[in-house]
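Structure at a glance
Chain by chain, the residues:
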Amino acid sequence: MKDMKHEEHHGHGNMHGHPENGHASHHEHMLGDFQRRFFVSLVLTLPIIWLSPMLRGLFGLGEPAVPNQMLILFVFSTGIFFYGGWPFLKGLVEELSEKRPGMMTLIALAISVAYGYSSLVAFGLPGRVFFWELASLIDIMLLGHWIEMRSITNASGAMEELAKLIPGEAHRINEDGSIEDIKADQLQPGDKIRVKPGEKIPADGKISEGSSSVNEAMLTGESNPVEKGPGDEVIGGAVNGDGSLTVQVGKTGENSFVSQVMALVKEAQESKSKAQGVADKAAAWLTYIALGAGLLTMLFWLFVSGREFVFSLERTVTVMIITCPHALGLAIPLVVATTTAIAAKHGFFIRNRTPFEQARKLQAVLFDKTGTLTKGEFAVSDVVLFSQDVDRDSLLNRAAAVEAHSEHPIARAVSGAAENPEQSADFRNIPGKGAEATVDGANIKVVSRKYVEEQGLEYDSSAVESISSQGKTLVFVLVDDRPMGCIALDDVVREESKEAISQLRSMGLRVMMITGDNQTVADRVAKELGITEYFAEVLPDKKADKVREVQQRGMMCAMTGDGVNDAPALAQADVGIAIGAGTDVAQETADIVLVKSNPMDVVKVIALSRATHRKTIQNLFWATGYNAFAIPLAAGILYKWGFLLSPAAGAILMSLSTVIVAINAKLMKLPDGA
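Here is what the cut-offs are and how they apply
- Residues numbered from 1 in each chain as written.
- Predicted model: local features only at pLDDT ≥ 70, side-chain atom pairs only at ≥ 80, totals over all residues.
- Heavy atoms only, no water.
- Buried < 20%, exposed > 50% of the residue type's maximum accessible area, 1.4 Å probe, protein only.
- Pairing = 2+ DSSP bridges.
- Helix = DSSP H or I, 4+ residues; strand = E, 2+ residues; numbered from the N terminus.
- Arc of directions from axis to C-beta.
- Contact = heavy atoms within 4.5 Å.
- UniProt positions renumbered as here; feature names shortened; annotations may be inferred.

Time to look at unusual backbone geometry. One non-glycine residue, aspartate 440, adopts positive backbone phi at about 50 degrees. A relative accessible area of 71% means that aspartate 440 is categorised as exposed.

See below:
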């Protein structure tokens, strides 16, 4: 039920705007406001139920012995009309000022007609009151809005999560060589800072001393830690490896990499268009129908049939109240609540309803490679032996004995691949090149190819060329400085990725891959997964451009990713889907979060979106379809034959429609096979 320009009234209209904390607080305030108005109105409705002539007549009860019954009904109904109905009356003004009548206009019109006419009857005008219809309509509409707002989560925090990447403090090196801890935001271009092993780099800059491996995966999408030395650029927010670095600060503030990503996210988010809900369109049509039917009813009975004004007015009011079905107020919120529960049960979290509902129209799905189609972690894929003096297991066991002392991702992968790692002593890092230790009396080194070539050590290079050409990471195992073998490591492709891609294709979607990795790695992964369209070597600030490029081909597309560098692309896409194991930034920017980090859940997202649309259309049919039957009867089309639809019968029809809508929403489930 997208009504009265939700982004202003409810605080959650276009979630791609991802407002700041102030907007989130406003959303919580509005949620609490609807809750209070609903319960207060519900309490005020109780005496109206007891005193309502229509309901007492319907259940065969006599008139209650209460003095000034009509005055009491008027007082309680006035409280409900002005307190419970205030959001709708305010929405009426806003929608009409924008010349976009919707649900708020329809509700406000119905309650205003019911209250105005019933008040006149209460003070002497011949006729019957509609206070019960007024109260029940306001109660149900407030309940519908409350359900809807509870079902939609706050969409804020992307900017804050990006800012968290930068550490709060930096170790600045003063001119006298002393080190001073200062706040990172106090750094100036030209300052020198010390970055210790395992720390986040506090600012963009260039290494002046030291060497280390730097993990930039969450910033650039490059799956492998990058070896860095003097003269190399580093990015603020990246994680330093085992070595100690001295960095000369380059860009700070708005010019820094993370700030630029933040700007890209904001730009992409703000470029989103606002979507009108299906219920809003139905409400707009019903508004015109209500006005038209009411006017025609009045004119017919007053001038064509020559009936008295009071009779004509009662028929007109009955028509206009019945035109605003109670069920329409619950048709969408109940589907929203049911969909949210199904999504949570199946492992994904809907943060933004509008893009989720649009997912049924998707024509293309773009996947980030690292951490999405792959696990974003190393595993041993190949072992090449250079000597007959060693076998595969013994080589791995010796390498693992060295790497067991390190927390480097490559080291963990090597250690995990060994079945019986040996004991080691005298462990020592070789900064930026590897590590060494004593194993069973021999010096064992696990080092990079660059180290081997710098030392001029000979090995069978032809044996590793085919592996090297696939873009895999190589580490060499030296025994007493003699190359004994080579271990190849690769980013592990998720087991579910291939099946997910196959099912998406069977649903009629085009599947594409986007990655910051080099062309060789991209070719190999794409071939393994059966992907024919992919973008390789895409710089962080260009991923959103690739999404835009696909959109400019006329395709509605989804982006699935996990890294900070994916955030602008997630915001630019028509539907942004974040892998749950990724950074909080990607999750905060996305419309949907896959809690289990399973690409198969993308299939479920689209299948549930399609099922939700079908259920929405069904509910809107049940919520509004009876109008085609009830409005002519309320207008008195069968009066000549002795049948006139009473307000009581109209209330029963409305109740029946509401029950059908509720049951229909609860029967929704995820399609089999999704």
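Moving on, we get to the sheet that holds strand 8 (residues 239-240). Read from one edge to the other, the open sheet built from 3 strands follows the order 6-5-8, with strand pairing classed as antiparallel. Each edge of the sheet is formed by a strand with only one pairing partner; in this case those strands are strand 6 (226-228) and strand 8. Pairing geometry for strand 5 (residues 212-215) and strand 6, over 3 bridges, is antiparallel. Looking at the pairing, serine 212 lines up with lysine 228 of strand 6.

All right, on to helix 17 (residues 409-417) then. Residues Ile410, Ala411, Ala413 and Val414 constitute the buried set of helix 17. Viewed end-on, helix 17 has its buried residues packed into an arc of 160 degrees, placing them on one side of the element. In the core, the buried residues of helix 17 are packed alongside strand 12 (374-385), helix 16 (392-403), strand 16 (473-479) and strand 17 (482-493).

If you check UniProt for "transmembrane region" (unreviewed entry), the listed places come out as residues 38-59, 71-89, 101-123, 129-147, 282-304, 316-344, 620-639 and 645-665 in our numbering. Across residues 71-89, helical content stands at 95% and strand content at 0%; the span's end C-alpha atoms are separated by 23 Å.

Right, let's talk about the environment of proline 421 for a bit. Examined against the element boundaries, proline 421 turns out to sit in the loop between helix 17 and strand 13 (425-430). Given the relative accessible area of 43%, proline 421 is considered partly exposed. Linking proline 421 and alanine 404, residues 17 residues apart in sequence, is a C-alpha distance of 8.5 Å. Setting aside residues up to four positions removed in sequence, proline 421 forms contacts with Asn397, Ala400 and Ala401.

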